[in-house]
Amino acid sequence: SNPGAGVTAVAAGSGAKAGASGMMQVQEYDEDPLLLRLAQEAEELRKAMLDIESIISFQGEQIDAVESAISTTDVRAAHGRERLEQAVQEQRRNHWRWCLLIFLLLIIIVIVVFIVVEETK
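Residues numbered from 1 in each chain as written. Predicted model: local features only at pLDDT ≥ 70, side-chain atom pairs only at ≥ 80, totals over all residues. Heavy atoms only, no water.

1. Quick notes on the overall build of the chain
This is how the line gets drawn: Put simply, DSSP H or I for four residues or longer makes a helix, DSSP E for two residues or longer makes a strand, and each gets a number counted from the N terminus. Residue burial is assigned from relative accessible area. The probe radius is 1.4 Å, only protein chains are included, and a residue is buried under 20% of its type maximum, exposed over 50%, and partly exposed in between. Residues are treated as being in contact if the distance between any of their heavy atoms lies within 4.5 Å. To be clear on the numbers: accessible area is Shrake-Rupley with a 1.4 Å probe, and residue cover counts the displayed protein chains and nothing else.
Secondary structure summary: the chain contains one helix and two strands in total. The secondary structure elements of the chain, listed N-terminal to C-terminal, are β-β-α. For the chain, with 121 residues in total, the buried portion stands at 5%. When contacts within the chain are restricted to residue pairs at least 6 apart in sequence, long-range pairs at least 24 apart make up 26% of them. On the chain, roughly 10,600 Å² of surface is accessible, and the fraction owed to carbon and sulfur atoms is 62%.

Next comes the structure, spelled out in structure tokens:
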């Protein structure tokens, strides 16, 4: 930075004058190198704080996105568990139906064999 070029910054200390809106008036520091350096460092600090604010905002958005993904995953997992439980119950019902069907077929076969054996006598 060129100290002779002047830096516009918010006045600090005894050189500050309050404006009509209560905000500090802007002054140029091109004669006092200490005030110029202070103004430059204050501007760098302001930029750093804006960068930090931006990073924190971005991280907050990322955290919100992760929270939303976790919530969606929980809902989907619960739905998956329900469907799995329904499938297990249906499988058990089908198992008993097949057992009953096989038992009935065996009874019919035994009756048919009994009838055939009785008629051949």
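2. Brief notes about the pattern of salt bridges
The line we're drawing: Only one rule defines a salt bridge in this text: a Lys or Arg side-chain nitrogen within 4 Å of an Asp or Glu carboxyl oxygen.
Taken as a whole and judged by the stated rule, the model has four salt bridges. Among the ionic pairs, Glu41 bridges to Arg37, the shortest N-O distance being 3.0 Å. Taken together, the residues span about one helical turn, with Glu41 and Arg37 both in helix 1 (residues 33-120) at a distance of four residues. Relative accessible area serves as the criterion here: at 38%, Glu41 is assigned to the partly exposed category. For Arg37, a relative accessible area of 53% puts it in the exposed group. As a salt-bridge pair, Glu90 and Arg97 come within 4.0 Å of each other at their nearest N and O atoms. Judged by relative accessible area, Glu90 falls into the partly exposed class, the value being 31%.

3. Quick notes on helix 1
Worth spelling out the cut-off: Here the expected length of a helix is defined as 1.5 Å per residue gap, with one fewer gap than residues. By the criterion applied in these results, polar contacts are pairs of N or O atoms within 3.5 Å in which, for protein atoms, one can donate a hydrogen and the other can accept it, and in which residues neighboring in sequence qualify only through two side-chain atoms.
The end-to-end C-alpha distance of helix 1, which contains 88 residues, comes to 127 Å, matching closely the 130 Å that a straight helix rising 1.5 Å per residue would cover. For helix 1, the N-terminal cap is Asp32; the gap from its side-chain oxygen to the backbone nitrogen of Leu34 is 3.2 Å.

4. Side note on a nonpolar patch on the surface
Where we set the bar: Patch construction takes residues with relative accessible area above 30% that form no salt bridge. Like charges are linked within 9 Å, and nonpolar side chains (Val, Leu, Ile, Met, Phe, Trp, Tyr) are linked within 5 Å.
A cluster of nonpolar side chains, Leu100, Phe103, Leu104, Ile107, Ile111, Phe114 and Ile115, forms an exposed patch at the surface whose accessible area comes to about 660 Å². Structurally, Ile111 can be placed in helix 1. Judged by its relative accessible area of 44%, Ile111 is partly exposed.

5. Some words on the confidence of the model for the chain
Operational definition: The predictor's confidence in any single residue is recorded as pLDDT, a number from 0 to 100.
Chain-level statistics for the chain give a pLDDT mean of 80 and a share of 75% at 70 or above. In this model, residues 1-26 is a region of pLDDT below 50 whose contacts with residues beyond four sequence positions or in other chains number 37 contacts.

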